[in-house]
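# Per-entry structural report
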Amino acid sequence: MDFVRDNLPYILAGISVGGQYALIAIGYTMVYGILRLINFAHGDMFMIAGLMGVYAVTWMPLYLAIPFVIIFTVILGFAIERVAYKPLRSAPRMSVMISAIGVSYLLQNLALYITGGLTKTYPSIPWISNTVKVFGATTKVVTLITPVLTIALVVALVLLINHTKMGMAMRAVSRDFETARLMGIKIDSVISLTFIIGSFLAAVGSILYFSNYTGVMPTAGAMPGLKAFVAAVFGGIGSIPGAVIGAFIIGICENIIKGVGWTTFSDAFTFALLIVILIVKPTGLFGEKNIDKV
Amino acid sequence: MLKIENLNVHYGGIHALRGVNMHIEKGKIISLIGANGAGKSTTLKSIMGLVNKSGGSVIYKGEDITKSNTIDIVKKGIALTPEGRKVFPDQTVKENLLLGAYLRKDKKGIKEDLEWIYTLFPRLLEREWQIAATLSGGEQQMLAVGRSLMSRPELLMMDEPSLGLAPIIVKDIFSIIKEINRAGVSVLLIEQNAKAALEISDYAYVLETGVVTLEGAGKDLISNDAVRKAYLGA
Ligand SMILES: Nc1ncnc2c1ncn2[C@@H]1O[C@H](COP(=O)(O)OP(=O)(O)OP(=O)(O)O)[C@@H](O)[C@H]1O
Ligand SMILES: [Mg+2]
């Protein structure tokens, strides 16, 4: 118990950042589930969502800026798929990967051009940026909201996938394009929907993440994106519950490592974990055979 | 009902279909037999719009569907039970069947057809909530046939429905094909099991390396010497 009490702020921070990683990780894992593609641009889209948050509040009131950021990110995710991936549908997978890397650099350079390379400060959103005291530890409201919101969104997503006609179609497409087409399913619509869901969650994640770590710069998507990707691999890429659990584990572990004073190693931990998984259990916690795989 | 004229398909450099002509009359069972690699599956896939045609035309009920996409073709009333079952392994029997009705909006009709399929294949009813991957091969084949009936097709094309099944189940499948046909569905059947297929067929085509080399009434082909030698092992 002493350990928990001493480390409470770190554990809370870990759960919170874990939830933010989870929201990004779902985008990686769902796109992989359908297209067998690692969407390298996903982390950068998360960064663009953050940047858009910075600018949107200067253009409009906050209650409009938040939905604006979300809608903008969704449209961006949809457009990236249509422009950069869809034309390569029958090309070898490597070509699509290269296209994804290209989009990633394009977004980073675009951000560099727009910001002039300066770190932009994310607006503080009333209430969720306030500080509260939990069991004697001081933290921001966003820390407490993130896991709740994350879990709620994940539950909604899992219900959508397992209990709706649309979800049935998504699961069918993730298994077999040709047979799904024979059922009359529009493959392209299902793929677009996957990108829309992934971008939506990444946009929500960006609002929560940047409310906490307030600096947005062109490379701000790299680290959280990479960690979310490791979380998806750790959980078994393709599996949504796997990605979420992986993200929480990574978030909590890296903060406990900070708590015991090894801050410099907290990032290294994630990548050490990646190497260990790839050696010990390449399919991750819930690899391949998982039923929720999309 | 379905008229295929001078159908040509290329896979890169391979000329898989070289001018196939076929005619499927309404209410009949037609079979298509031929050796491995003759182009039987390619014929059905190109009718469904799953592979690109390099020439020729497909006319369905007087309408040119040569360039239609798969979804429109399914909507017009053609269904394909693909070679090798291809059930969706991580979905339940019921979900697989409902996917077959994906384009339909008539809830009541879907329910009726579901019941009809469960009477055709009582085993599927017993296993309604079972994950398709855990079905036996024969049960998966029944599911694949049931699923393609769920779109309520007027023309059902089946690609080797008896593949890998025990002789007794093969008999079941053939009697069910007849029953489906009696319910008013025209059938285009691909079979390795040429004798059984010819016996239930009104008309049949023999495909050899992408061309129809022989055609005629099922009974006539059974007694045809060339067919007996090549496909009936006699
Ligand atoms: N996607 C493809 N790419 C290249 N060649 C193909 C493709 N699909 C089929 N072929 C070739 O086209 C020819 C016809 O194949 P098809 O599958 O239509 O034969 P089939 O008559 O159904 O044979 P089987 O009885 O073995 O199922 C074969 O030579 C095959 O190798
Ligand atoms: Mg075949």
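Residues numbered from 1 in each chain as written. Chains lettered and ligands numbered in written order. Predicted model: local features only at pLDDT ≥ 70, side-chain atom pairs only at ≥ 80, totals over all residues. Heavy atoms only, no water.

The subject of this paragraph is the site of ligand 1. Residues and elements named next belong to chain B. In the neighbourhood of ligand 1, 14 residues make up the surrounding shell, with Gly37, Lys40, Ser41, Thr42 and Glu83 lying closest. Gln192 has a polar side-chain atom sitting 2.9 Å from an oxygen atom of ligand 1. Starting from 630 Å² of accessible surface for ligand 1 in isolation, the protein chains cover 63%. When contributions to the shell around ligand 1 are tallied by element, the ones reaching two or more residues are strand 2 (14-24) and helix 1 (40-47). Of the residues forming the shell around ligand 1, the biggest block, three residues, is contributed by helix 1. (Near = heavy atom within 4 Å. Polar contact = N/O pair within 3.5 Å; in protein donor to acceptor, adjacent residues only side chain to side chain. Areas by Shrake-Rupley, 256 points an atom, 1.4 Å probe, with all protein chains shown as cover. Helix = DSSP H or I, 4+ residues; strand = E, 2+ residues; numbered from the N terminus.)

Positive charge collects at one region of the surface, where Lys165 and Lys186 of chain A together with Lys75, Lys105 and Lys107 of chain B lie side by side. Locating Lys107 of chain B in the fold gives a position in helix 4 (residues 107-120). Judged by relative accessible area, Lys107 of chain B falls into the exposed class, the value being 72%. (Patch = residues over 30% accessible without salt bridge, like charges linked within 9 Å, V, L, I, M, F, W, Y side chains within 5 Å. Salt bridge = Lys/Arg side-chain N within 4 Å of Asp/Glu carboxyl O. Lys, Arg positive; Asp, Glu negative; His and termini not counted. Charge placed at Lys NZ, Arg CZ, Asp CG, Glu CD. Buried < 20%, exposed > 50% of the residue type's maximum accessible area, 1.4 Å probe, protein only.)

Across the boundary between the two partners, chain B contributes 22 residues, which contact 19 residues of chain A. The junction of chain B with chain A conceals about 2000 Å² of combined surface from both sides, 65% of it contributed by carbon and sulfur atoms. Three residues stand out in chain B for area buried against chain A, namely Phe88, Asp90 and Tyr102 of chain B, and they jointly supply 33% of the buried area on that side. In this structure, the connection of chain B to chain A is made through three salt bridges. Scanning the region where chain B abuts chain A turns up five residue pairs in polar contact (both at pLDDT 80 or more). (Contact = heavy atoms within 4.5 Å. Buried area = accessible area lost by both parts, 1.4 Å probe.)

Taken residue by residue, chain B gives an average pLDDT of 93. The fraction at 70 or more is 100%. Both confidence scores are given for the complex: pTM 0.92, ipTM 0.93. (pLDDT = per-residue confidence, 0-100.)

With that out of the way, let us pick up a nonpolar patch on the surface. Residues Phe3, Val4, Val260, Trp262 and Phe265 of chain A make up a contiguous nonpolar surface patch of about 520 Å² in total accessible area. Summarising the element assignment, Val260 of chain A is placed in the loop between helix 10 (240-259) and helix 11 (266-280).

All names here are of chain B. Read from one edge to the other, the open sheet built from six strands follows the order 6-7-8-3-9-10, with strand pairing classed as mixed. The open sheet has two free edges, formed respectively by strand 6 (78-81) and strand 10 (211-216), since each of these has just one partner strand. Across the sheet, the mean angle separating the axes of adjacent strands is 20° when strand polarity is ignored. Bridge count between strand 3 (residues 29-34) and strand 8 (residues 186-190): four bridges; the pairing is parallel. Paired with Leu32 across the strands is Ile190, a residue of strand 8. Each of strand 6 and strand 7 (155-159) touches helix 6 (residues 137-149); the most contacted strand, strand 6, lies at about 170° to it. (Pairing = 2+ DSSP bridges. Axes fitted to C-alpha atoms, helices over the stretch in contact; angles between N-to-C directions.)

As enumerated under the stated definition, the model contains 11 aromatic pairs over all chains in all. Arranged with centres 6.3 Å apart and planes meeting at 85°, the rings of Trp59 of chain A and Phe68 of chain A form a pair that is edge-to-face. The class for Trp59 of chain A is exposed, based on a relative accessible area of 53%. Ring-pair connections join several aromatic residues into one group, and the members of that group are Phe46, Tyr122, Tyr209, Phe210 and Tyr213 of chain A. The ring of Tyr102 of chain B is capped by Lys165 of chain A, whose NZ or CZ atom sits 5.0 Å from the centre of that ring. (Phe/Tyr/Trp six-rings, centres within 6.5 Å; stacked < 30°, edge-to-face > 60°. Lys NZ or Arg CZ within 6 Å of the ring centre and 35° of its normal.)

Within soluble globular proteins, side chains that are nonpolar tend to cluster in buried spots. Among the nonpolar cores identified, the biggest contains 116 residues, and Tyr85 and Ile185 of chain A are the most heavily contacted of them. If sequence neighbours within four positions are ignored, Ile185 of chain A has contacts with Ala169, Ala172, Val173, Ala180 and Val190 of chain A together with Ile71, Leu99 and Tyr102 of chain B. (Core = buried A, V, L, I, M, F, W, Y, C linked by side-chain atoms within 4.5 Å.)

Now for unusual backbone geometry. Here the phi dihedral of Trp127 of chain A falls at roughly 70°; this positive angle occurs in a residue that is not glycine. With respect to the helices and strands, the residue Trp127 of chain A is situated in the loop between strand 1 (120-121) and strand 2 (131-134). You can call Trp127 of chain A exposed: its relative accessible area is 53%. The backbone phi angle of Lys86 of chain B is positive, close to 50°, even though this residue is not glycine. With respect to the helices and strands, Lys86 of chain B occurs in the loop between strand 6 and helix 3 (93-100). Overall, the relative accessible area of 33% leaves Lys86 of chain B in the partly exposed class.

Another point: the coordination of the magnesium ion (ligand 2). All names here are of chain B. Coordination sphere of the magnesium ion (ligand 2), protein contribution only: Ser41 (OG) and Glu83 (OE), at 1.9 to 2.5 Å. Of this pair, Ser41 sits in helix 1 while Glu83 sits in the loop between strand 6 and helix 3, and the two are 42 residues apart along the sequence. When its relative accessible area of 18% is taken as the criterion, Ser41 is described as buried. What makes Glu83 partly exposed here is its relative accessible area of 33%. (Donors = N, O, S within 2.8 Å, 3.2 Å for Na, K, Ca; no water.)

With that out of the way, let us pick up the environment of Gly215 of chain A. All names here are of chain A. Summarising the element assignment, Gly215 is placed in strand 4 (residues 215-216). Its relative accessible area of 29% is what places Gly215 among the partly exposed residues. In sequence terms Gly215 and Val276 are 61 residues apart; their C-alpha atoms lie 31 Å from each other. Sequence-distant contacts of Gly215, that is, excluding residues within four places in its chain, are made with Thr119, Lys120, Phe210 and Ala220.

Relative to the helices and strands, Leu159 of chain A is located in helix 5 (residues 141-163). Placed 152 residues apart in sequence, Leu159 of chain A and Asn7 of chain A show a C-alpha to C-alpha distance of 35 Å.

To continue, consider the sheet that holds strand 1 (residues 2-11) of chain B. Residues and elements named next belong to chain B. Ordered by their spatial adjacency, four strands build an open sheet running 2-1-4-5, and the pairing between neighbours is antiparallel. Each of the sheet's edge strands pairs with one partner strand only, and the pair in question is strand 2 and strand 5 (63-64). Contacts from helix 1 reach strand 1, strand 2 and strand 4 (55-60), with the element oriented near 110° to strand 1.

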